Amino acid sequence: MSYLVVGISHRSADITVLERVALDSDAATKLAIAVQNSAAVTESAVLATCNRTEVYASVDRFHAGMDEVTAILADITGVPLIDLAEHLYVHFEEGAVAHLFQVAVGLDSMVVGESQILGQVKETLRVGQELETISTDLNALFQHALRVGKRARAETGIDSAGRSVVSAGLDAVAGPIGGLAGRRALVVGAGSMASLAAQTLAADGATEIVVANRNLDRAMILAERVGGTAIPLASVPAAMAEADVVVSCTGARGVVLTEEMVSTAANGRPFGVLDVALPRDVAPEAARLPGVTLVTLADLVGTAGGAEEDIEDVRRIVHEETGAFAATRRAVSVTPTVVALRTMASALVDTELARLDRRLPDLDDAQRQEVARTIRRVVDKVLHTPTVRVKELAADPGGPTYADALRELFALDQAAVDAVSAPLDKPAGKTVDKTGGETA
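About the criteria used
Residues numbered from 1 in each chain as written. Predicted model: local features only at pLDDT ≥ 70, side-chain atom pairs only at ≥ 80, totals over all residues. Heavy atoms only, no water. Helix = DSSP H or I, 4+ residues; strand = E, 2+ residues; numbered from the N terminus. Buried < 20%, exposed > 50% of the residue type's maximum accessible area, 1.4 Å probe, protein only. Contact = heavy atoms within 4.5 Å. Areas by Shrake-Rupley, 256 points an atom, 1.4 Å probe, with all protein chains shown as cover. Pairing = 2+ DSSP bridges. Axes fitted to C-alpha atoms, helices over the stretch in contact; angles between N-to-C directions. Core = buried A, V, L, I, M, F, W, Y, C linked by side-chain atoms within 4.5 Å. Salt bridge = Lys/Arg side-chain N within 4 Å of Asp/Glu carboxyl O. Parallel < 35°, antiparallel > 145°, perpendicular 65-115°, else oblique. Left-handed = near helix turned anticlockwise from the far one by under 90°. Nonpolar A, V, L, I, M, F, W, Y, C, P; charged D, E, K, R; others polar.

Peer 1: Would you mind going over the overall build of the chain with me for this structure?
Peer 2: Helix and strand counts for the chain stand at 19 helices and twelve strands. Taking all 440 residues of the chain together, 49% fall into the buried category. Restricting to contacts in the chain with at least 6 residues of sequence separation, those with at least 24 account for 74%. Entry remark: accessible area of the chain is about 19900 Å², with carbon and sulfur atoms responsible for 54%.

Written out as structure tokens, the structure reads:
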């Protein structure tokens, strides 16, 4: 099986396009299940964040897998494939591995080095495991990606230097309003981004934090966490008039804060608005209002949070880990051949021992056992060096060819080799009907 990534992000499309393909948790679940149930795919995972929608798959055929994934992505998002195709990127095998590693360490983020993405990769793995769309292949890839992300943060300064999208956005709105310390803040939404915004505001010295959400219970939980107050969504206009800065990050499909609402609340005074929702929450016309500073995801593209030396160190780590992961996969790929060879040898020994029993029926049990041990030791010694060496050599880029040579030299039946890993393949007609969540 081979790895395939089909995705769209801030690097390949502008915010207006990303808004059209943004997925909530239900849609992400639907996409993962649909992809996993397609003919060329055995496993799937969907990484859906505020600036990317990516499908990771284990496929048996590249072109068939790519065609199926892109068609399903267009169907689930409702964006015609002809409009979607020019913005999609595709990575295969080692390129797919390197891409996920770059994502996990924050090199591919809108704000380079931001830390939230590693948690999103972990959540994607958890959801895929729960849905059973992730099995052996993708589990190995995502687990390694998490280790790479942790290594990058442990060995470089990218974690301390890296800022989240929310932090970078709040920095951008803080200047025009005279900083966040002592300011009154309103957070619209209660998800992971809203939680991050509320905590950042509290850490930066906001004196009052109000959290508004359609689900008041969730707003109360977040407000309690940061020492703020919770209000229903209907009270947002009045709360805006009392605030100095507003952060909006809901999952709504339409404008939540209209130009009129922002105009009334600002009333010409310095007023900061950060919109980190996808699709956007705030009417873009609000940016023209006197005194209003509106910062959106589009304004944050390319913001570098880490120092150049840290970024270069992280790139080196990604390169090393991509090579190490590929070497491990190549070594594992020869295991079925080695197992098939030893199985064949064991069967030959059993056949010859049975033949010996017929030719020398007068041997006692002790003699038979000693003969059996001797034959098995000889066979094990003969096979030891080639099987150990083929595993060692398999780690090299040309490693799999040694397994091919082993199959030819010992005339191994390919069907016998394939049978060793057959239980890992997706059964024909497999369906998944579980549901799960996804963070944005």
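Peer 1: Hey, could you run me through the sheet that holds strand β4 (residues 89-92) in this one?
Peer 2: Across a sheet, strands are paired by hydrogen bonds formed along the backbone, either parallel or antiparallel in direction. Taken in spatial order, the four strands line up as β2-β3-β1-β4 in an open sheet, and their pairing is antiparallel. Unpaired on one side and paired on the other, β2 (41-49) and β4 mark the two borders of the sheet. Each strand of the sheet is rotated relative to its neighbour by a mean of 15 degrees, with strand direction disregarded. Here eight bridges tie β2 to strand β3 (residues 52-59), and the two strands are oriented antiparallel to one another. Counterpart to Thr49 in the pairing with β3 is Arg52.

Peer 1: So what exactly am I meant to see when it comes to the nonpolar core here?
Peer 2: Side chains of nonpolar character tend, in soluble globular proteins, to be buried together. In terms of nonpolar packing, the biggest core is built from 67 residues, with Leu31, Leu201 and Val276 touching the most fellow members. What Leu201 contacts, discounting residues up to four positions off in sequence, is Leu170, Leu180, Ala185, Val187, Ala206, Ile209, Val245 and Val247. The next biggest cluster of nonpolar side chains, apart from the first, holds 32 residues, and it includes Leu47, Leu118, Val121 and Ile158.

Peer 1: What is the right way to read the pairing of strand β1 (residues 2-9) from this model?
Peer 2: Regular strands show a simple pattern: their side chains alternate between the two faces of the sheet. Judged by how many residues are buried, β1 sits mostly within the fold: eight of eight residues are covered. Across eight bridges, the pairing between β1 and β3 is antiparallel. Residue pairing in the sheet places Tyr3 in a bridge with Ser58 of β3. Here β1 pairs with β4 via four bridges, running antiparallel. Considered in β4, the bridge of Gly7 is made with Tyr89.

Peer 1: What's the story with the pattern of salt bridges in this structure? I'm lost.
Peer 2: Close approach of charged atoms lets side chains of opposite charge pair. If you walk through the whole model with that rule in mind, you get 22 salt bridges. A salt bridge links Glu312 to Arg315, with the nearest nitrogen and oxygen atoms 2.4 Å apart. Here Glu312 pairs with Arg315, and both are found in helix α15 (residues 308-333), just three residues apart, close to one helical turn. Residue Glu312 is classed as partly exposed on the basis of its relative accessible area, which comes to 41%. Judged by relative accessible area, which is 44%, Arg315 ranks as partly exposed. The residue Asp350 makes a salt bridge to Arg376 at a minimum N-O spacing of 2.7 Å. Here Arg376 lies in helix α17 (residues 365-393) and Asp350 lies in helix α16 (residues 335-359), a separation of 26 residues in the sequence. In this structure, a network of salt bridges that share partners links the residues Arg151, Glu155, Arg316, Glu320 and Glu321.

Peer 1: Help me out: how do you make sense of the environment of Asp204 in this one?
Peer 2: Within the secondary structure layout, Asp204 lies in the loop between α10 (192-203) and β7 (208-213). Setting aside residues up to four positions removed in sequence, Asp204 forms contacts with Leu180 and Ala181.

Peer 1: I tried to follow the packing of α10 against helix α11 (residues 216-226) on my own but got confused; where do I start?
Peer 2: The relative placement of two packed helices is expressed as an angle between their axes plus a distance between the axes. One way to put it is that α10 packs onto α11 with a least axis distance of 9 Å and a crossing angle of 25 degrees. In terms of axis orientation, α10 runs roughly parallel to α11. The two elements α10 and α11 cross, and the hand of that crossing is right-handed. Across the interface between the two elements, Ala194, Ser195, Ala198, Gln199 and Ala202 of α10 pack against Leu222, Arg225 and Val226 of α11. Of the residues assigned to the contact of α10 with α11, the class counts are five nonpolar, two polar and one charged.

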